[in-house]
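Residue strings, one per chain:
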Amino acid sequence: QVQLIESGGGLVQAGGSLRLSCAASGRTSSNYYMGWFRQAPGKEREFVAAITGSGIITVYADSVKGRFTTSRDNAKNTVYLQMNSLKPEDTAVYYCAAGRGYWPTSHSQYSYGYWGQGTQVTVSS
């Protein structure tokens, strides 16, 4: 079992930056690949970014590529999502998630077994 707690959300103007953190407790976090998802009102939850247990491989949704960066510090059991050049359409509740086993070929939410409670990110225009 692993428990995930996100932090760092808030209100920011368009063009600004935020850094989300996801603290993991329980089993050693390096055994898990980690992902970030977001859900805007009235929309389905969508994949944002993911990182392998070692932190060597990262993948991003096209909508955030070049603006968002995910990283992890396994010594601190923490994963980060640095969000730059934020846009109003980035407004959503952001969730971190953890999964075990083979690195998924498709990062759907069903590839992840553990979820945090979410943190709100609001980008004003």
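Placed above this text is the structure.
Quick look at the structure, then.

Here is what the cut-offs are and how they apply
- Residue numbers run consecutively from 1 along every chain, following the written order of its sequence.
- In keeping with the model being predicted, local features are shown solely for residues with a pLDDT of at least 70 and side-chain atom pairs are shown and tallied solely at 80 or more, while totals for entire chains, interfaces and linings include all residues.
- To get the side-chain values, take all heavy atoms of the structure and skip hydrogens and water.
- The buried label applies to any residue whose accessible area, calculated with a 1.4 Å probe on protein chains only, is under 20% of its type's maximum; exposed applies above 50%, and partly exposed to all values in between.
- Helix numbers and strand numbers start at the N terminus; a helix is a DSSP run of H or I with at least 4 residues, a strand a run of E with at least 2.
- Here, a strand pair is defined by DSSP locating no fewer than two bridges between the strands.
- Neither His nor the chain termini are counted; the positive set is Lys and Arg, and the negative set is Asp and Glu.
- A side-chain nitrogen of Lys or Arg and a carboxyl oxygen of Asp or Glu constitute a salt bridge if their distance falls within 4 Å.
- For this analysis, a polar contact is any N or O atom pair within 3.5 Å, provided that within protein one partner can donate a hydrogen and the other can accept it, and provided that sequence-adjacent residues contribute only side-chain to side-chain pairs.
- Two residues form a contact once any of their heavy atoms are found within 4.5 Å.
- Grouping buried Ala, Val, Leu, Ile, Met, Phe, Trp, Tyr and Cys residues that are joined through side-chain atoms within 4.5 Å yields what is termed a nonpolar core.
- The disulfide criterion is simple: two cysteine sulfur atoms within 2.5 Å.

Side note on the pairing of strand 11 (residues 119-124)
Alternating positions in strand 11 separate cleanly, Thr-119, Val-121 and Val-123 being buried on one face and Gln-120, Thr-122 and Ser-124 remaining unburied on the opposite face. Inspection of the sheet shows strand 2 (residues 10-13) paired to strand 11 by 4 bridges, in the parallel sense. Paired with Gln-13 across the two strands is Ser-124, which belongs to strand 11. As defined by bridge partners, strand 9 (residues 92-99) adjoins strand 11 across 3 bridges and the pair is classed as antiparallel. Bridge assignment links Tyr-94 to a residue of strand 11, and that residue is Thr-119.

Observations concerning the side chain of Glu-6
Inspection of the secondary structure puts Glu-6 in strand 1 (residues 2-7). No salt bridge is formed by the buried Glu-6. Its closest oppositely charged neighbour is Arg-45, at 7.8 Å. Among the polar contacts made by the side chain of Glu-6, one reaches the main-chain amide nitrogen of Cys-96 at a distance of 2.8 Å. A polar contact is formed between the side chain of Glu-6 and the backbone nitrogen of Gln-117, at a distance of 3.0 Å. Glu-6 has contacts with Ser-21, Cys-22, Trp-36, Tyr-94, Tyr-95, Cys-96, Gly-116, Gln-117, Gly-118 and Thr-119, leaving out every residue within four places of it along the chain.

Concerning the nonpolar core
Grouped burial of nonpolar side chains is what soluble globular proteins tend to show. In terms of nonpolar packing, the biggest core is built from 34 residues, with Leu-81, Met-83 and Tyr-94 touching the most fellow members. Only strand 1, strand 3 (18-26), strand 4 (33-39), strand 5 (46-51), strand 8 (78-83), strand 9 and strand 11 provide two or more residues apiece to this core. Filtering out sequence-adjacent residues up to four positions away, Tyr-94 remains in contact with Glu-6, Leu-20, Phe-37, Arg-38, Val-48, Phe-68, Leu-81, Met-83, Gly-118, Thr-119 and Val-121.

Topic: the state of the cysteines
Throughout the structure, instances matching the rule amount to 1 disulfide. One disulfide in the model links Cys-22 with Cys-96; its S-S distance is 2.0 Å. The S-S bond linking Cys-22 to Cys-96 shows a torsion near 50°; that makes this disulfide right-handed. One end of the pair, Cys-22, is in strand 3; the other, Cys-96, is in strand 9, with 74 residues separating them in the sequence. Look at Cys-22 and you get buried, because its relative accessible area is 0%. Note on Cys-96: relative accessible area 1%, which makes it buried.

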